[in-house]
Amino acid sequence: MNYRELGNTGIKISEVSFGTWAIGGSWGKTSDEEALKSLDYAIGQGVNFFDTADVYGDGHSEELLAKATRGKEDQIHIATKFCRQGDIFDPQNYSYEKVRAYCEESLRRLNREAIDLYQIHCPATEILRDGSVFHVLDRLKQEGKIKQYGVSVETVEEGLICLEHPNVKSLQIIFNIFRQKPLEELLPEAYKKGVGLLVRLPLASGLLTGKFTSNHVFEADDHRRFNENGEAFNVGETFAGLGFRKGVELADQLRWIAEDRKSMASAALRWILDQKEITCIIPGFKNMKQVEDNLSALDTKPFTEEEMEKLQRFYQEKVKDSIRGPY
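I will try to describe carefully the structure that is included in this document. (Residues numbered from 1 in each chain as written. Predicted model: local features only at pLDDT ≥ 70, side-chain atom pairs only at ≥ 80, totals over all residues. Heavy atoms only, no water.)

Right, let's get into the nonpolar core. Core analysis: the biggest nonpolar cluster contains 93 residues, and L171 and F178 have the highest contact counts within it. Of all the elements, helix 11 (residues 264-273) adds the most residues to this core, at eight residues. Core analysis: the next-biggest nonpolar cluster, separate from the first, contains nine residues, L6, I11, A79 and I282 among them. (Core = buried A, V, L, I, M, F, W, Y, C linked by side-chain atoms within 4.5 Å. Buried < 20%, exposed > 50% of the residue type's maximum accessible area, 1.4 Å probe, protein only. Helix = DSSP H or I, 4+ residues; strand = E, 2+ residues; numbered from the N terminus.)

Shown next, in the form of structure tokens:
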């Protein structure tokens, strides 16, 4: 395992880490037994950072992480998120009383005394512009409830707003071969300011594994079925905003990235890790095989400068104009 510093916090986290949305819910059928086995395997391979949220399975993924990390709390860092249990547009949802209550509920489920990294979970842009929530988080940090805080954002603009606040230590962004806009301004600016970058949806909801055909049907409780067009939340959180059929068509044109590499998925993850500004990727998983597949990015051949340029042209010419929703 390789480790990278989370911005200027002094915390070193595994460059391949994991998100736990899938084991909490909204990704089809899951098994707690398989989830716990997979978490244990990941920890055994040197993974020391996991991302979760209070709304993943109504807190279920937080509870699973508590079980998986019992007795290892000092070695395994957990990032969780808040605000989406309430109205993300309502300023009262970000009041000290409300955020402290969210925080204490997460601490109870995680069975921890402090949250390593507490993140605002894709709030409304106006909330970030107002900035009051950052004072609330400063207060929780002073009280010892949280160690560091960051923001999970939907757009480059939101990320740049957050970078104006000096105590924001991380940004969680959607970034992958289909979603390259952060390369232009956000990545260099965050790097310059010593802010860590956590990458969610590194495989564009599975499109970049290359395993889907256009006639695939997802389970009814899988967000890739019920949110393909943004029916439940931001469309960009599903298939990078491309829509399934378009995404499959574009993924087919990327199969060359797997040449001389372990797989298309490991190559797609390697492309992200080849950006020096990135702290870690947090792909999801539902079983041990997916954990193993994602970890294989560590041993995957880096991209050449020529290949990087080819992928940038592909994004500009074939992908960019098909992405829906703000990003």
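Having seen the structure, we can now continue with the description.
Taken in spatial order, the eight strands make up an open sheet running 3-4-5-6-7-8-9-10, and their pairing is parallel. The strands lining the two open edges of the sheet, one partner per strand, are strand 3 (18-19) and strand 10 (280-281). Contacts from helix 4 (residues 96-110) reach strand 5 (77-82), strand 6 (115-121) and strand 7 (146-152) within the one sheet, and its direction differs from that of strand 6 by about 130°. (Pairing = 2+ DSSP bridges. Contact = heavy atoms within 4.5 Å. Axes fitted to C-alpha atoms, helices over the stretch in contact; angles between N-to-C directions.)

Interhelical geometry of helix 2 (residues 32-44) versus helix 3 (residues 60-68) gives an angle of 50° and a closest axis separation of 10 Å. With respect to helix 3, the axis of helix 2 lies oblique. Relative to helix 3, helix 2 is oriented so that their crossing is right-handed. Taking contact as the criterion, the partners of D32, A35, L36, L39 and I43 in helix 2 are, on helix 3, H60, L64, L65, K67 and A68. Of the residues that constitute the contact of helix 2 with helix 3, the class distribution is seven nonpolar, one polar and two charged. (Parallel < 35°, antiparallel > 145°, perpendicular 65-115°, else oblique. Left-handed = near helix turned anticlockwise from the far one by under 90°. Nonpolar A, V, L, I, M, F, W, Y, C, P; charged D, E, K, R; others polar.)

Position of E15 relative to the elements: it lies in the loop between strand 2 (12-14) and strand 3. Judged by relative accessible area, which is 5%, E15 ranks as buried. Among the polar contacts made by the side chain of E15, one reaches the side chain of R4 at a distance of 2.8 Å. Apart from residues lying up to four places away in sequence, E15 is in contact with M1, N2, Y3, R4, L273, T279, C280, I281 and L298. (Polar contact = N/O pair within 3.5 Å; in protein donor to acceptor, adjacent residues only side chain to side chain.)

These values are about where atoms sit, not about what they do.
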